[in-house]
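Summary of the model geometry
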Amino acid sequence: LRSHEQQNEYREPRLTGLTLQLLGGLRLQDAAGTDIAISSRKARALLAYLAASPDEAHERDRIAAVLWDEVDAELARANLRQALATLRRSLPATETMLRTDSQSIALLTAPLAIDLQLLRQSLNATNRTSLQAALNHYRGDFLDGFDGRSVAFAEWLQWQRRAIRNDVAAGFRRLSELCVANED
């Protein structure tokens, strides 16, 4: 199915230079370094959920269940539509950042630099300088201080934090081994 944005012939120019920080807290900035405000807590949670696995289609029912586990499925889907609308209003050039259809939503990374994604991609570095640069992306816990006000979201958040900490710890172990091997 084609979304409303895809049916439109006019396309705004693709933005570059957007930065999404998930490590140490959630922060979205435009190319000039200006913060982009997202007024709704659930819209911010939705952005973070999508950004944890960018370019991947996430089932709407699953997202709704994670973000609104305390309400019935129909209301959860309605709430998801509202959060998605809020997110679209907040983000510049949403047609290049969000891919949606009736069953799924994906955050596209083409216009974004996501610190978590950069960290994950860079942790496979094989030299000390590159690995140190990769570890500099880690500025703290994933979504530090964020409360999604959902038990399911809190469980997902805890799992994400644990996995990221494990990856970072493994990166520091490798960095340490490289330093010892190079007598640094």
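My aim in this report is to walk through the structure given alongside it, one point at a time. (Residues numbered from 1 in each chain as written. Predicted model: local features only at pLDDT ≥ 70, side-chain atom pairs only at ≥ 80, totals over all residues. Heavy atoms only, no water.)

Once that is clear, we can look at the sheet that holds strand β1 (residues 18-21). Strand order across the open sheet formed by 3 strands is β2-β1-β6, with mixed pairing between neighbours. A strand with exactly one partner marks an edge of an open sheet, and here the two such strands are β2 (27-29) and β6 (112-114). Averaged over all adjacent pairs, the angle separating strand axes in this sheet is 15°, with direction ignored. Pairing of β1 with β2 involves 3 bridges; the strand directions are antiparallel. Its bridge partner lying in β2, Gln21 is registered against Arg27. (Pairing = 2+ DSSP bridges. Helix = DSSP H or I, 4+ residues; strand = E, 2+ residues; numbered from the N terminus. Axes fitted to C-alpha atoms, helices over the stretch in contact; angles between N-to-C directions.)

Let's shift gears to the nonpolar core. Buried together is how nonpolar side chains tend to be arranged in soluble globular proteins. Counting residues in hydrophobic clusters, the biggest one holds 48 residues, and the most contacted among them are Leu22, Leu46, Leu107, Phe142 and Phe153. The greatest single-element share of this core, amounting to 9 residues, is contributed by helix α2 (residues 41-52). Setting aside anything within four residues of it in sequence, one finds Phe142 in contact with Leu22, Leu23, Ala48, Ala52, Leu116, Trp156, Leu157, Gln160, Arg161 and Ile164. (Core = buried A, V, L, I, M, F, W, Y, C linked by side-chain atoms within 4.5 Å. Buried < 20%, exposed > 50% of the residue type's maximum accessible area, 1.4 Å probe, protein only. Contact = heavy atoms within 4.5 Å.)

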